[in-house]
Amino acid sequence: MKKHVSLFCLAGLVGSLTVSHTLSGQTTPDYNTGVFGNSVKFRAAGAPLSISQFGTTKEFFFGGTFTVEFWAKVTPDYASGSSQWIQQEDGSISVGLVNFCTDYTCTELAPLPNIIFSLFSEADDTGPGEFSCFAEIPAYNEWFHVALVCNQNFGDSPATNEPGFGQMNIFINGYPAGIPLPAPPVNTVRYSDKPLLIGHHARNFFIDELRLWEIAKLGTGIRARMNQETETNASGLVAYYSFNAPATPAGSGAGKTFPNLSTGAGSPGSDLNGSMGANPFGFSIYPEFRQDRTFIATSGGDWNDPAIWGDGSQGIPDADETVTIDLPSAYDEIVLRGPLYANSIVFKNGRILTNGFMLNTYTVTAGASRYSYIVTDNGDDLGEGMYRISEAGWTYALLPIGNAQDYLPIKIRNGGSGNSGYTFYAEARVKDLMTSIIEPDAALDVPWELKAGVLSEGVQIDYQVKFHWYAHNEGRDFDRNQVYIANYHDGYWRRLGTGAPAEEAGDNLYAAAVMVREFSEFTGTSSEDVPLPVGLMKLRAAYEGKIPVLSWSTTFEANSDRFEVRSGLLSTAVKPGRIIFRMSIFMAMEKSTTG
């Protein structure tokens, strides 16, 4: 039977799914390094773990009944795109993450990504069939248990919401995370003799306790052993990788192996041993076998004090770690004592005070709010106290900054303009004082300083930037129905944009977006008296014979469309340069904006 269909589980496609249960006697997920030992960290995509004999030893494994279970931890790297955790090239299965857009233009992504579990049927004239389930992850930077179940056992009568005959679903922390939907019919799943790859397209992804079963496990069975190592001779266990066997010493590098510990019924034993895969890009970054280190700040104080990071036994985070800020109250702070680097930050509660130093994250942050963000403080005149993200891209990257009083974030994305594939860096702060501006009562009292750029030499892109503020940041004459972004550049405040109404951004925040290419200080204004974005260097009027001639030149122009030269009886639109007119009673020059 060959058929082309695309079926999707409902969880994750209709909005955020929060996995929570109040069942009596439920099992609490507990990833314990004292029990599980080493896990595997994938720092970059490209060098997977490879079970090379999988396609020839268990070629029909994914065509029938099975369960794949493992522990996973992910970081906000995945806000920038999809990833693949488990994959068989040209084969039957793909498991990874995808972050859905929240609007049709895809300018915003959902707060948390979804696991996507897909099986592919044999191809026919209309193409390969795809059967997929989705389920939102519980959180960033926290371990959670995943079980992918496909049930082809005729006559099975599982509990409510667990996969029945011909169904598939995703379990999170031992409970169904969606509504089970039909799986591919028996013996229709695409065959492949290729290896089974783990972490091939995954960055800062962690996995442990990978178990493959030739049975459809129920929630009770998953919960019974998810917090413990499993028995190597368990019935139906085909492959079991703990990643901490003696043959797999801690550390990274090519040549590592990880044995299949399973001796259960149907297990092919050593034929499914795995090894470190080659890196096709020539990088020297390989997966790392190690005990997990999860850094969660539970009290305020000095970032370099190990005591604020849990019990202090792990020391302080390295530059490639993702950290979670979960302080006792929104008023507690972690203070920088020097320039700081981290992979990413997950905010839950409390703030970070830059104290005059640069705070740099390699990729995007997550979870920031008016109660948990980065205070870009100048400190004791030690520096600027900027926050910097080193890698941003096609969707909005959040710069979760503010001052001591308010959360005043900036969002920035690649605006396209022919260079949409480039990532870029961005850094920002909220200044203490704003450069003098015309009609301050019609402006915001927020002076943002923003910089951005592409590291590739000679490449210039346009950026779409969105600035956020609260009502109490508005001057008494500020009109929220006509908001311009003003940019202080080359000694001038320039009015950008078209004076559009402010956007309601939730949590009593307002926002305005604008296209930007030049950076310095920004604020918002409703005033028509802010100089337009043109610097006039020379204006000359003279007669050529009996005809008056007006000519001019400019030092800069931004978002410009045309000049208009007006007399009392004549108004002519021209391109910048020179215009001849016959009646010159009154002359005015105007600038129209397009951005």
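Bear in mind the structure is a predicted one, so any value in this text is a computation, not a measurement.

## Let's talk about the packing of aromatic side chains
Here is step 1 of the chain: Tallied over the full model, the rule gives 28 aromatic pairs.
Here is step 2 of the chain: Ring geometry for Phe54 against Phe62: centres 5.6 Å apart, planes inclined by 35°, an arrangement best described as tilted. Phe62 shares its class with Phe54; the two are buried.
Here is step 3 of the chain: Ring plane angle 70° and centroid distance 5.1 Å describe the contact between Trp303 and Trp309, whose orientation is recorded as edge-to-face.
Here is step 4 of the chain: For Trp303, a relative accessible area of 3% translates into the label buried.

## Quick word on the sheet that holds strand β34 (residues 448–453)
Here is step 1 of the chain: The sheet built from eight strands is open, its strands ordered β24-β27-β29-β33-β34-β40-β36-β37 with mixed pairing. Both edges of this open sheet fall to β24 (340–342) and β37 (492–500), since each of them pairs with a single strand only. Along the sheet, successive strands turn relative to each other by an average axial angle of 25°, direction set aside.
Here is step 2 of the chain: Bridge count for strand β33 (residues 424–430) against β34 is six bridges, and the pairing is antiparallel. Bridge pairing in β34 links Glu427 to Lys451.

## Focus on the pattern of salt bridges
One side chain can pair with another of opposite charge once the charged atoms of both are near each other.
Here is step 1 of the chain: Evaluation of the coordinates by the stated rule reveals 25 salt bridges.
Here is step 2 of the chain: Of the charged contacts, one joins Glu69 and Lys217 as a salt bridge, the two residues approaching to 3.4 Å between their closest N and O atoms. Of this pair, Glu69 sits in strand β4 (residues 66–74) while Lys217 is found in the loop between β14 (205–213) and α3 (219–225), placing the two residues 148 residues apart along the sequence. A single burial state applies to Glu69 and to Lys217, both of which are buried.
Here is step 3 of the chain: Residue Lys431 is joined to Glu521 by a salt bridge in which the shortest nitrogen-to-oxygen separation is 3.0 Å. On the criterion of sequence distance, the pair formed by Lys431 in the loop between β33 and β34 and Glu521 in strand β40 (residues 521–525) is long-range, its members being 90 residues apart.

## Focus on the pairing of strand β32 (residues 410–414)
Here is step 1 of the chain: With five of five residues buried, β32 lies mostly within the body of the structure.
Here is step 2 of the chain: Inspection of the sheet shows β32 paired to strand β35 (residues 463–470) by five bridges, in the antiparallel sense. For Asn414, the partnering residue across the bridge sits in β35 and is Tyr463.

## Structural notes on the nonpolar core
Here is step 1 of the chain: Formed by 62 residues in total, the largest nonpolar core has its most connected members in Ile325, Trp448 and Trp469.
Here is step 2 of the chain: Within the second largest apolar cluster, 55 residues are counted, among which are Leu112, Phe131, Cys133 and Phe289.

## A look at empty space enclosed by the protein
Here is step 1 of the chain: Overall, the coordinates contain one cavity of 30 Å³ or more when judged by the stated rule.
Here is step 2 of the chain: Approximately 50 Å³ is the volume attributed to the largest cavity.
Here is step 3 of the chain: Of the residues belonging to the lining of the largest cavity, the class tally is one nonpolar, six polar and five charged.

## A word on the layout of surface pockets
One water molecule sets the probe size; rolling that probe over the atoms shows where empty space is left.
Here is step 1 of the chain: The volume enclosed by the second largest pocket comes to roughly 330 Å³.
Here is step 2 of the chain: Taken together, 15 residues make up the lining of the second largest pocket; nearest its centre are Pro29, Asp30, Tyr31, Glu142 and Trp143.
Here is step 3 of the chain: Considered class by class, the residues forming the lining of the second largest pocket number seven nonpolar, five polar and three charged.

## Looking at the confidence of the model for the protein
Here is step 1 of the chain: Averaged over all residues, the pLDDT of the protein equals 82, while 80% of them reach at least 70.
Here is step 2 of the chain: In this model residues 1–6 is a low-confidence stretch, pLDDT under 50, and it forms 18 contacts with partners more than four residues away in sequence or in other chains.
Here is step 3 of the chain: In this model, residues 566–595 is a region of pLDDT below 50 whose contacts with residues beyond four sequence positions or in other chains number 80 contacts.

## Section: the sheet that holds β32
Here is step 1 of the chain: The five strands lie next to each other as β30-β32-β35-β39-β38, forming an open sheet whose pairing is antiparallel. The open sheet has two free edges, formed respectively by β30 (397–399) and β38 (503–506), since each of these has just one partner strand. Across the sheet, the mean angle separating the axes of adjacent strands is 30° when strand polarity is ignored.
Here is step 2 of the chain: Note: β38 against strand β39 (residues 509–516), three bridges, orientation antiparallel. From the neighbouring strand, Glu503 faces β39, where its bridge partner is Ala511.

## Considerations on unusual backbone geometry
Here is step 1 of the chain: Within the chain, Glu439 stands out as a residue other than glycine whose phi angle is a positive 50°.
Here is step 2 of the chain: By the element assignment, Glu439 lies in the loop between β33 and β34.
Here is step 3 of the chain: If you check the backbone angles, Asp507 has positive phi at about 55° while not being a glycine.
Here is step 4 of the chain: As for its position among the elements, Asp507 is in the loop between β38 and β39.

About the cut-offs
- Residues numbered from 1 in each chain as written.
- Predicted model: local features only at pLDDT ≥ 70, side-chain atom pairs only at ≥ 80, totals over all residues.
- Heavy atoms only, no water.
- Phe/Tyr/Trp six-rings, centres within 6.5 Å; stacked < 30°, edge-to-face > 60°.
- Buried < 20%, exposed > 50% of the residue type's maximum accessible area, 1.4 Å probe, protein only.
- Pairing = 2+ DSSP bridges.
- Helix = DSSP H or I, 4+ residues; strand = E, 2+ residues; numbered from the N terminus.
- Axes fitted to C-alpha atoms, helices over the stretch in contact; angles between N-to-C directions.
- Salt bridge = Lys/Arg side-chain N within 4 Å of Asp/Glu carboxyl O.
- Core = buried A, V, L, I, M, F, W, Y, C linked by side-chain atoms within 4.5 Å.
- 1 Å grid on protein atoms, 1.4 Å probe; cavity = no way out; pocket = protein on both sides within 12 Å on 5 of 7 lines; lining within 4 Å.
- Points joined across faces, edges and corners; volume = space filled by probe spheres on them.
- Nonpolar A, V, L, I, M, F, W, Y, C, P; charged D, E, K, R; others polar.
- pLDDT = per-residue confidence, 0-100.
- Contact = heavy atoms within 4.5 Å.

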